[in-house]
Amino acid sequence: MARRLVLWDIDGTLVHTKGAGTDAFDLALADVLGEVPEGRVRMSGKTDPLIVHEQLALLGREPEPELVDAVLARLVHRLADLSSRIAEQGVACPGVTEVLAELDRRADVAQGVLTGNLRPNAVVKLAAFGLDRFVDFDLGAYGSDHLDRNLLVPLARRRAEARLGGPVAPEDTWVVGDTPLDLACARAGGVRCLLVATGTYGADELVELEPDAFLVDLTDTDAVVELLAEDRPPVNVP
Ligand SMILES: [Mg+2]
């Protein structure tokens, strides 16, 4: 049985969609409302429903549940439409494929996602780079589950325990992400957090937050695997 649970953030941690994610939001808003906000919402680390709430606010609209749901439904279609563009123009972050493959080979580690993406969109983004085969999507939690990312870790842990057929201790659970909001949700859920500087936040900003571990990126496969699976400290803490 898996002793370890690793919950991966997606955007900025595992992959970059190079604008396709943002474009999908604009297309979905245009589909439903016929307009998009002039200003930009900072999306990093936020759940998709929260992003829609903020976009509606920029448009002077109330976040009525039916309206939010309609935009999110279109977001699923629009991102699926962009899947080949994501595969062609997007990238998996450095070292990610090797780390996920190596952890996948270990019977004592289960891998899921903890992401603000809606579940279908999480699958699209990982499948574009062949990363979906390393992740058990039933272990994770998603923007589909709640607007508040801080509520997602307990949900993911419950799902993992049900799926794995036994308890997974909080200290054996890692959230890996690229933003202060990833750290916040790990803290809220009482689990450990590795932050990486492959997203929109710089190394200095992330180290200052004192996550349980920090790595510039995931290129040192052995170091990342030893950290996440065996608690050996990372070697490139600045
Ligand atoms: Mg992210």
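Residues numbered from 1 in each chain as written. Predicted model: local features only at pLDDT ≥ 70, side-chain atom pairs only at ≥ 80, totals over all residues. Heavy atoms only, no water.

A. Representation of the sheet that holds strand β7 (residues 213-215) in the model. Reading across the sheet, the five strands line up as β4-β1-β5-β6-β7 and stay open at both edges, with parallel pairing between neighbours. The strands lining the two open edges of the sheet, one partner per strand, are β4 (109-113) and β7. Adjacent strand axes in the sheet meet at a mean angle of 20 degrees, parallel and antiparallel pairs treated alike. Across four bridges, the pairing between strand β1 (residues 4-8) and strand β5 (residues 173-177) is parallel. Residue V6 lies in a different strand from β5, and its bridge partner there is W174. Set on the sheet, helix α5 (residues 96-104) makes contact with β1 and β4; between it and β4 the angle comes to about 135 degrees. Sitting on the sheet, helix α10 (residues 221-230) touches β1, β4, β5, β6 (192-196) and β7, and the angle it makes with β1 is about 125 degrees. (Pairing = 2+ DSSP bridges. Helix = DSSP H or I, 4+ residues; strand = E, 2+ residues; numbered from the N terminus. Axes fitted to C-alpha atoms, helices over the stretch in contact; angles between N-to-C directions. Contact = heavy atoms within 4.5 Å.)

B. Looking closely at the pattern of salt bridges. A complete count under the given rule lists 20 salt bridges for this structure. Between D108 and R3 there is a salt bridge, and its shortest N-O distance comes to 3.9 Å. Taken together, the positions of D108 in the loop between α5 and β4 and R3 in the segment before β1 put the pair 105 residues apart, joining distant regions of the chain. You can call R3 partly exposed: its relative accessible area is 39%. R119 serves as the salt-bridge partner of D138, at 2.8 Å between the closest nitrogen and oxygen. Of the two residues, D138 sits in the loop between α6 (119-127) and α7 (152-164) while R119 sits in helix α6, which places them 19 residues apart along the sequence. The exposure class of D138 is partly exposed, given its relative accessible area of 33%. Judged by relative accessible area, which is 33%, R119 ranks as partly exposed. Look at the salt bridges and you will find they share partners, linking R3, R106, D108 and E230 into a network. (Salt bridge = Lys/Arg side-chain N within 4 Å of Asp/Glu carboxyl O. Buried < 20%, exposed > 50% of the residue type's maximum accessible area, 1.4 Å probe, protein only.)

C. Quick peek at the packing of helix α3 (residues 65-81) against α6. The geometry of α3 relative to α6 is characterised by a closest axis approach of 9 Å and an angle of 10 degrees between their N-to-C directions. It follows from the interaxial angle that α3 and α6 lie roughly parallel. Residue-level contacts link L75, V76, L79 and A80 of α3 to P120, N121, V124 and K125 of α6. In the contact of α3 with α6, the residues fall into six nonpolar, one polar and one charged. (Parallel < 35°, antiparallel > 145°, perpendicular 65-115°, else oblique. Nonpolar A, V, L, I, M, F, W, Y, C, P; charged D, E, K, R; others polar.)

D. Representation of the domain arrangement of the chain within the structure. In terms of domain boundaries, the chain breaks down into domain 1 (4-16 + 91-230) and domain 2 (20-87). Using C-alpha coordinates to define each centre, domain 1 is positioned 23 Å away from domain 2. If you look at the interface, domain 1 gives 19 residues, while domain 2 gives 17 residues. Of the roughly 1,500 Å² buried at the junction of domain 1 and domain 2 (both faces included), carbon and sulfur atoms supply 67%. The largest contributions to the domain 1 side of the interface with domain 2 come from L118, N121 and L147, which together make up 34% of the buried area. With four residues, the single largest contributor to the side of domain 1 that touches domain 2 is α6. Tallied by class, the residues present in the side of domain 1 that touches domain 2 amount to nine nonpolar, seven polar and three charged. (Domains from an automatic or database assignment. Buried area = accessible area lost by both parts, 1.4 Å probe.)

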